[in-house]
Amino acid sequence: MKILQPPLMLVFFIGLASQQLLAQNKLNEANNKIEQQKEIEREKTLQKHGANRKDIQEKREEIKEKHAKMKSQHKAVYSQMQQQAEAIKEKMKEASPEERKALLQELKQLRQEEHEELKETHNSYKRELEARKQILEEQRQQSGISQKQFGLKRAEIAKQRLKISQKHIEKRQEFVSNSQSRLELARIKTKQMLEDKKLTLEDAKSRLEKINKIEERLKQHELKIKEVKEKVALKRIEIAKQEQKIEQIEE
Amino acid sequence: MKTIFSIVFFMLTISLTSCRETKTEDNNNVETAVDSIQSIEEETVKMVEQLDQEAKDIDQDLQDLENLDQ
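This is a predicted model, so every value here is computed, not measured.

The rules behind each value
Residues numbered from 1 in each chain as written. Chains lettered and ligands numbered in written order. Predicted model: local features only at pLDDT ≥ 70, side-chain atom pairs only at ≥ 80, totals over all residues. Heavy atoms only, no water. Helix = DSSP H or I, 4+ residues; strand = E, 2+ residues; numbered from the N terminus. Buried < 20%, exposed > 50% of the residue type's maximum accessible area, 1.4 Å probe, protein only. Contact = heavy atoms within 4.5 Å. Areas by Shrake-Rupley, 256 points an atom, 1.4 Å probe, with all protein chains shown as cover. 1 Å grid on protein atoms, 1.4 Å probe; cavity = no way out; pocket = protein on both sides within 12 Å on 5 of 7 lines; lining within 4 Å. Points joined across faces, edges and corners; volume = space filled by probe spheres on them. Nonpolar A, V, L, I, M, F, W, Y, C, P; charged D, E, K, R; others polar. Buried area = accessible area lost by both parts, 1.4 Å probe. Salt bridge = Lys/Arg side-chain N within 4 Å of Asp/Glu carboxyl O. Polar contact = N/O pair within 3.5 Å; in protein donor to acceptor, adjacent residues only side chain to side chain. Core = buried A, V, L, I, M, F, W, Y, C linked by side-chain atoms within 4.5 Å.

(A) Expanded view of the overall build of chain A. Looking only at helices and strands, chain A features four helices and zero strands. N-terminal to C-terminal, the α/β element order of chain A is α-α-α-α. In chain A, which comprises 251 residues, the share counted as buried stands at 24%. Nonlocal contacts in chain A, meaning residues at least 24 apart in sequence, comprise 70% of its contacts between residues at least 6 apart. Carbon and sulfur atoms provide 54% of the accessible area of chain A, an area that totals close to 19,300 Å².

In C-alpha cells:
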C-alpha cells in the first residue's frame, strides 16, 4: 500500500494539473468569443452612428437649403415691392391732388404688404428654430450629452445671439444721429431756397412740415431703441436665470 | 429573516421609484428652461426686426424728402 501511495499521488496531481489546463483553455476560448462578439457589436454601433450622423447632416442641409431658398424668395419679393414703391413715387411727382391721394393709398397698402412679409419671415424663422431644436435633441441623444449639458449649451448660444442683437441696436443709434443731421441739412436747404426764391412760401411750409413729421418719428424711434435696449438687457438676465436653473439640476 | 428581507426590498423599491421620478422631473425642468430660452431669443429677434423695419421706413421718407431738391 505504501509503495502504491507515491504513484497514486503523482497520478492525482497530474490529473489535477491537466484539469486546470483544460479549464484555462475553456476560459480563454470563452474570453475570445466575448471579444469577438464585442468587436461585432462595436462595428454595428459604428455603422449605426455613421448612418445616423449622415441622416442628421442631410436634415441640416435640407433645412439650410429651405431657409436659403425662402430668404432669396423674400428678397426678390421685397425688391419688387421697393421698385413698385419707387414707381408710385415717380408717378406722384406729376399727379393731380386726387391722383396723389389714390397713389398714397396704394403706397400705404404696399407698406402693409411689406409688414406682412416681415411677419412671414419671422414665422419661418420660428419654424427653423423648431427644426433646429429637433436636430439638437437628436444630436444630444446620440452623443450621449445629458439634458443639463444640452441646456447649458443652448443657453450659451442664446447669450451669444443676444449679444449680437445688442450690438445691432447700438448701430441703430448711429442711424438716428445721422438722420438728425440729414434733417437739419434739409431744413437749412429749404430756408436757403426760400431766401433765393427758388421755392414758394407754400412749398417751403409743406417741406418744413414734412421735416418736422420725420423728426417726430425719429424721436419716437429713438425712444423705442432705448426701450428695446432695456428689454434686451432684461432678456439677457432672464437667460442667465434659466441657465442658473439648469445648473442647479443634478446630472 | 423573511420580514427583514421584505422590508429592505420594499424600501429599495421606493427609493428607486423616487429616484426615477426626480430624474424625469429634472429633465422636464431643463426642457422648460430651454423652451423659455428659445422664446426669449425669438422675442428679441422680433423686436430687433421691428426696429429695423421702422428705421427703413424713416430712411425711405428721408430719401424722398432729399429727392425733392433734385
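Read on, since the account is not over.
(B) Local environment of the overall build of chain B. Of regular secondary structure, chain B possesses one helix and zero strands. For chain B, buried positions account for 30% of its 70 residues. In the structure as shown, chain B presents an accessible area of about 4,600 Å², 61% of it carried by carbon and sulfur atoms.

(C) Representation of empty space enclosed by the protein in the model. Under the defined criterion, the tally for this structure stands at one cavity of 30 Å³ or more. Counted as a void, the largest cavity has a volume near 110 Å³. Considering the residues around the largest cavity, the lining is formed by A:Y78, A:Q82, A:A85, A:K89, A:L107, A:L110, A:R111, A:E114, B:Q53, B:K56, B:D57 and B:Q60. Among the elements of the structure, α1 (5-93) and α2 (97-143) of chain A together with α1 (2-67) of chain B are those that each provide at least two residues to the lining of the largest cavity.

(D) Region of interest: the layout of surface pockets. A volume near 1,200 Å³ is recorded for the largest pocket. Looking at the largest pocket, it is lined by 27 residues, and the ones nearest its centre are A:M92, A:L104, A:K210, B:D64 and B:L68. Those elements that place two or more of their residues in the lining of the largest pocket are α1, α2 and α4 (201-248) of chain A together with α1 of chain B. If one sorts the elements of the lining of the largest pocket by residue count, α4(A) sits on top with eight residues. Classifying every residue of the lining of the largest pocket gives eight nonpolar, two polar and 17 charged. Here the second largest pocket is characterised by a volume of approximately 920 Å³. Of all the elements in the fold, those that place two or more residues in the lining of the second largest pocket are α1, α2 and α3 (147-195) of chain A together with α1 of chain B. For the lining of the second largest pocket, the class distribution of residues is eight nonpolar, eight polar and 11 charged.

(E) Highlighting the interface of chain A and chain B. The interface is formed by 55 residues belonging to chain A together with 40 residues belonging to chain B. Of the roughly 4,700 Å² buried between chain A and chain B, counting both surfaces, carbon and sulfur atoms make up 61%. Counting the contacts that link chain A with chain B gives nine salt bridges. A salt bridge links B:E43 to A:K235, with the nearest nitrogen and oxygen atoms 2.4 Å apart. Summed over the shared surface of chain A and chain B, the number is 12 residue pairs in polar contact (both at pLDDT 80 or more). Put simply, the parts of the chain that give the side of chain A that touches chain B at least two residues each are α1, α2, α3 and α4 of chain A. The dominant element in the side of chain A that touches chain B, judged by the number of residues it contributes, is α3(A), at 21 residues. Classifying every residue of the side of chain A that touches chain B gives 23 nonpolar, 10 polar and 22 charged.

(F) Region of interest: the nonpolar core. Of all hydrophobic cores here, the largest spans 30 residues; its most connected members are A:I169 and A:L183. Contributions of two or more residues to this core are made by α3 and α4 of chain A together with α1 of chain B. Sort the elements by how many residues they give to this core and α1(B) lands first, with 12 residues. With seven residues, the next largest nonpolar core counts A:I88, A:L103, A:L107 and A:L110 among its residues.

(G) Broad picture of the pattern of salt bridges. Per the stated rule, a full pass over the model turns up 14 salt bridges over all chains. The closest approach of N and O atoms between A:R161 and B:E41, which form a salt bridge, is 3.0 Å. Here A:R161 is found in helix α3, whereas its partner B:E41 is found in helix α1 on a different chain. Where salt bridges share partners, they join A:R111, A:R217 and B:D61 into one cluster.

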